[in-house]
Amino acid sequence: MIAQSIQLGRLNSELMSRISVNLKRFKSLVWGCALGALLASNPLYAVGQEEKSASFKPVTSAVMEATGAWEYRLDTAGGRWLAYYDKNRLLRLLDPEGLERLLVPEGRAQAPSGLAIAASSKGAIALWRDKHPAKGLYLLDTESLAADTATIKPLEIGGDTEPLARFLADTDDSGRTHLLWYGEKSGQPTGEVHNLYYRNLNRATQELSPTELVMAGIYPVMATDAKGNLIAFSWRSSGETKQIVSRFRSAETASGSSASSFNDLVEIAEVPEVTPIFQAFHSGSRWFAVWLGQYGADRRDFRLEGVRSDDNGRTWTRFSFDDLRGFDISSLQLAANDEGHILIAVSGRDRRTNDKAKQDVYLIRSADRGDSWSKAAPLRARADAGDGREDPLALFHARNPSVAFGGKPGQVLVVWEDWREIRSGLFASLSNDYGQTWALSDVPLPRPRGINLGLRYEPNAVYASGDTFHVIAEQYTDDSLESKQLIQLDIGGEALADLADAAKARRSQEMETREDVLRKRAEEYWSAMTQADFTKAYAYLDPFFRARMPLNIYLSNMGKIKYSEAKVDSIKIKGPIAEVITTIRASVPEFKVPTTGEIVSQPEREVPVTNRWLWLDGEWVSEFVIESQDIVFTRY
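Description of the structure in this document. Since we're looking at a predicted model, the values are computed, not measured. Every chain begins its residue count from 1, and numbering advances along the sequence as written. Totals for whole chains, interfaces and linings use every residue, but because this is a predicted model, local features are given only for residues with pLDDT of at least 70 and side-chain atom pairs only at 80 or more, for both listing and counting. Derived side-chain values reflect all non-hydrogen atoms in the structure, with water molecules and hydrogen atoms excluded from consideration.

### Considering the sheet that holds strand β38 (residues 599-616)
- Between any two strands, pairing holds if DSSP finds at least two bridges. Starting at the N terminus, helices and strands are each numbered in turn, a helix being any DSSP run of H or I of at least four residues and a strand any DSSP run of E of at least two. Strand order in this open sheet of 4 strands is β36-β37-β38-β39, and the pairing throughout is antiparallel. Two strands in the sheet have a free side with no partner beyond their single neighbour: β36 (562-574) and β39 (619-622). Averaged over all neighbouring strand pairs, the angle between strand axes comes to 25°, with direction disregarded.
- In this sheet, β38 lies alongside strand β37 (residues 577-592) in antiparallel orientation, the contact comprising 13 bridges. Bridging across to β38, Val 580 finds its partner in Asn 611. Inter-axis angles, ranging from 0 to 180 degrees, are taken between N-to-C directions of lines fitted to C-alpha atoms, where helices are fitted over the stretch in contact.

Set out below in structure tokens:
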């Protein structure tokens with residue numbers, strides 16, 4: 001249905017003012033039925049496993065939903081602990097040796113939700129919300145794990161707080177794990193339903209502190225230092241004044257008493273609305289919180305802003321990143337050290353002038369512990385826009401940057417998800433001076449042909465060990481982009497330089513022959529359409545469409561439009577995207593629409609038709625579009 005719909009839509013834009021039959025409506029009738037049935041069935045059409053590259057290390061053993069959550073932490077020895085939800089919503093844990101365990105039993109009616117993980121010299125702690133065997137917040141210390149997964153017995157820590165699926169866990173150098181969550185227990189002293197709660201676990205004694213009501217709020221945000229000092233933040237939405245608030249907890253505070261272990265509540269800043277982009281951290285003894293606020297009557301005045309404190313949260317200094325005002329920030333990751341270097345990597349789009357603008361990636365720096373900040377610098381190399389032409393990269397999404405310090409002073413790697421090659425891939429920039437300049441910039445990382453690689457908005461997917469950076473990426477199982485697995489890519493400075501050189505050579509070689517190849521491909525496609533060889537024509541359509549619309553459904557909806565002639569008139573190429581104008585002769589013989597009984601026909605006419613073609617996997621393919629419903633299957 002979609003293929004027929006596309007061709008009808010392509011005719012429609014040129015014929016709408018001259019014909020009585022509304023082809024867009026026709027396309028919607030025909031292809032809408034097929035598309036709705038197909039999406040409801042949610043099929044997967046896997047690519048060949050032989051296409052997976054040996055240069056990538058598989059991380060997870062089970063397939064995950066495309067939006068499936070995962071989290072990792074490094075222990076004091078540098079070992080990686082990683083937890084993730086598989087496609088059946090079962091929670092799995094990977095230890096540094098690659099041993100994988102199920103943390104929840106199979107064959108259950110209720111799925112767990114939420115995920116946090118903390119690690120130390122004693123292993124890892126996983127935290128999740130569950131309704132099995134009873135509703136609560138469950139903690140598992142890997143020290144209690146036996147080789148037999150049947151012996152897993154997590155500890156319920158939420159009590160009667162009615163915990164929800166937002167919570168945090170972090171372990172300090174003493175081995176104490178700090179736990180912060182929010183719950184919906186009514187009748188609390190705050191007068192609010194949603195409140196933040198705190199406990200800590202002494203890893204040595206396995207003793208849990210009493211549950212403490214920290215503050216009202218819906219976003220549990222926390223920063224801890226190595227000594228065990230802690231600041232909790234949230235956004236309090238009750239009353240006339242909506243505020244960011246905080247409470248400090250000293251590492252010297254004794255646990256177990258009936259009194260609160262937190263200092264008094266501090267009202268930090270009035271903010272009418274806050275998005276989930278809300279993080280806390282420290283650099284040395286200075287504490288920070290950063291959030292995306294929403295202002296204005298329509299809440300579209302987005303402001304990335306924050307606060308810092310040098311007196312353990314008693315007083316705060318507010319700051320904002322004004323050059324990103326109006327940007328709807330979709331992800332934020334950061335790296336901070338005790339020497340005062342702070343890097344904030346964000347993705348977002350400016351919605352003030354163009355609500356359909358593509359997302360882009362930026363880096364903000366501070367070398368003086370947040371006393372001053374750089375402008376938000378784009379991470380992607382820009383073409384010279386002095387001639388007034390649109391930046392080619394503005395056509396493609398870039399998002400979810402991750403950032404990490406390297407093993408050498410000043411070394412920084414930023415990696416992000418980029419769609420400039422129509423498929424999603426990873427690009428990276430390497431700095432030796434904390435991001436002030438780039439030794440290597442905007443380098444495409446290896447991606448096997450036919451494979452889509454991405455990053456999630458969380459966690460921060462890059463970390464370093466010695467001279468090597470490690471990236472935990474998401475590899476989609478096929479072009480439907482509905483499921484994924486995690487892989488690891490290891491990157492050294494020399495390898496990144498080689499990748500940059502190889503990418504330049506590849507791009508130069510591709511540009512030499514693309515227009516001639518495109519004309520030939522377009523002529524072959526239209527030849528197949530005029531001969532009603534729709535099986536052949538199907539092979540010229542983009543793989544994202546073909547992954548969602550199998551050949552048999554496509555063929556069952558073709559043939560309503562009869563093509564008699566086609567001549568390619570002009571080609572305009574802009575990077576991997578081309579506009580091809582073809583003059584065709586076509587008609588719609590009379591037929592009855594099954595769903596409505598409407599009689600549809602159109603006499604033969606000659607019209608110019610504009611198609612978009614994409615350079616993908618070393619060849620040109622026609623992007624399938626349903627104009628009447630503004631539907632495409634690509635994601636760039």
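Let's pick the thread back up.
### Some details on the sheet that holds strand β22 (residues 301-309)
- One open sheet holds the 4 strands; their spatial order is β20-β21-β22-β23, and the pairing between them is antiparallel. Sheet topology places β20 (274-283) and β23 (317-320) at the edges, where each strand pairs with a single neighbour. Within this sheet the neighbouring strands show an average axis-to-axis angle of 20°, counted without direction.
- Across 4 bridges, the pairing between β22 and β23 is antiparallel. Following the sheet pairing, Val 307 is matched in β23 by Arg 318.

### Observations concerning the nonpolar core
- Counting residues in hydrophobic clusters, the biggest one holds 49 residues, and the most contacted among them are Ile 422, Tyr 525, Met 529, Phe 545, Tyr 554 and Trp 613.
- Those elements that provide at least two residues to this core are α3 (493-530), α4 (534-538), α5 (543-548), β36, β37, β38 and β39. Residues grouped as a nonpolar core are buried Ala, Val, Leu, Ile, Met, Phe, Trp, Tyr and Cys residues, joined through side-chain atoms within 4.5 Å. Each residue gets one of three labels from its accessible area relative to the maximum for its type: buried under 20%, exposed over 50%, partly exposed in between, using a 1.4 Å probe on protein chains only.

### Observations concerning the pattern of salt bridges
- Note on definitions: salt bridges are taken to be side-chain nitrogens of Lys or Arg within 4 Å of carboxyl oxygens of Asp or Glu. Applying the stated criterion across every chain, the model contains 36 salt bridges.
- A salt bridge links Lys 185 to Asp 160, with the shortest nitrogen-to-oxygen separation between them at 2.7 Å. Of this pair, Lys 185 sits in the loop between β12 (176-183) and β13 (195-202) while Asp 160 sits in the loop between β10 (155-156) and β11 (163-171), and the two are 25 residues apart along the sequence.
- Salt bridges sharing partners connect three or more residues here, namely Asp 298, Arg 300, Asp 328, Arg 351 and Asp 355.

### Let's talk about the side chain of Asp 225
- Position of Asp 225 relative to the elements: it lies in the loop between β16 (221-224) and β17 (230-236).
- All tallies of charge rest on Lys and Arg as positive and Asp and Glu as negative; His and the ends of each chain are not included. It is Lys 227 that comes nearest to the buried, bridge-free Asp 225 among opposite-charge side chains, at 6.2 Å.
- Under this definition, polar contacts are N or O atom pairs within 3.5 Å; protein pairs additionally need one hydrogen-donor-capable and one acceptor-capable atom, and for neighbouring residues in sequence, both atoms have to be side-chain atoms. Among the polar contacts listed, one links the side chain of Asp 225 to the backbone nitrogen of Gly 228, at a separation of 3.0 Å.
- A polar contact is formed between the side chain of Asp 225 and the backbone nitrogen of Asn 229, at a distance of 2.8 Å.
- Contact partners of Asp 225, with chain neighbours within four places excluded, come to Asp 172, His 282 and Trp 287. For this analysis, residues touch if any pair of their heavy atoms sits within 4.5 Å.

### A few points about the packing of aromatic side chains
- Only Phe, Tyr and Trp rings are paired, with Trp represented by its six-membered ring, and only when their centres lie within 6.5 Å; those with planes under 30 degrees apart are stacked, over 60 edge-to-face, the remainder tilted. With the rule as written, the count across this model stands at 28 aromatic pairs.
- Arranged with centres 5.7 Å apart and planes meeting at 65°, the rings of Trp 526 and Tyr 563 form a pair that is edge-to-face. Of this pair, Trp 526 sits in helix α3 while Tyr 563 sits in strand β36, placing them 37 residues apart in sequence. The pair formed by Trp 526 and Tyr 563 is uniform in burial state, with each residue classed as buried.

### Quick notes on unusual backbone geometry
- Here the bond from Glu 458 into Pro 459 is cis, since omega is 5°, no more than 30 degrees from zero.
- Structurally, Pro 459 is set in the loop between β32 (453-454) and β33 (462-465).
- Although it is not a glycine, Tyr 434 adopts a positive phi angle of roughly 60°.
- With respect to the helices, strands and loops of the structure, Tyr 434 is situated in the loop between β30 (423-431) and β31 (440-444).
- Under the relative-accessibility criterion, Tyr 434 is labelled partly exposed at 21%.

### Quick notes on the pairing of strand β8 (residues 123-130)
- Among the 8 residues that make up β8, 8 are buried, leaving the element largely enclosed by the rest of the structure.
- Pairing of strand β7 (residues 113-120) with β8 involves 6 bridges; the strand directions are antiparallel. Residue pairing in the sheet places Ala 116 in a bridge with Leu 127 of β8.
- Taken together, β7 and the strand that follows it, β8, pair antiparallel across an intervening segment of 2 residues.
- Summarising the sheet, β8 and strand β9 (residues 136-141) pair through 6 bridges and their orientation is antiparallel. The partner of Trp 128 across the bridge, within β9, is Tyr 138.

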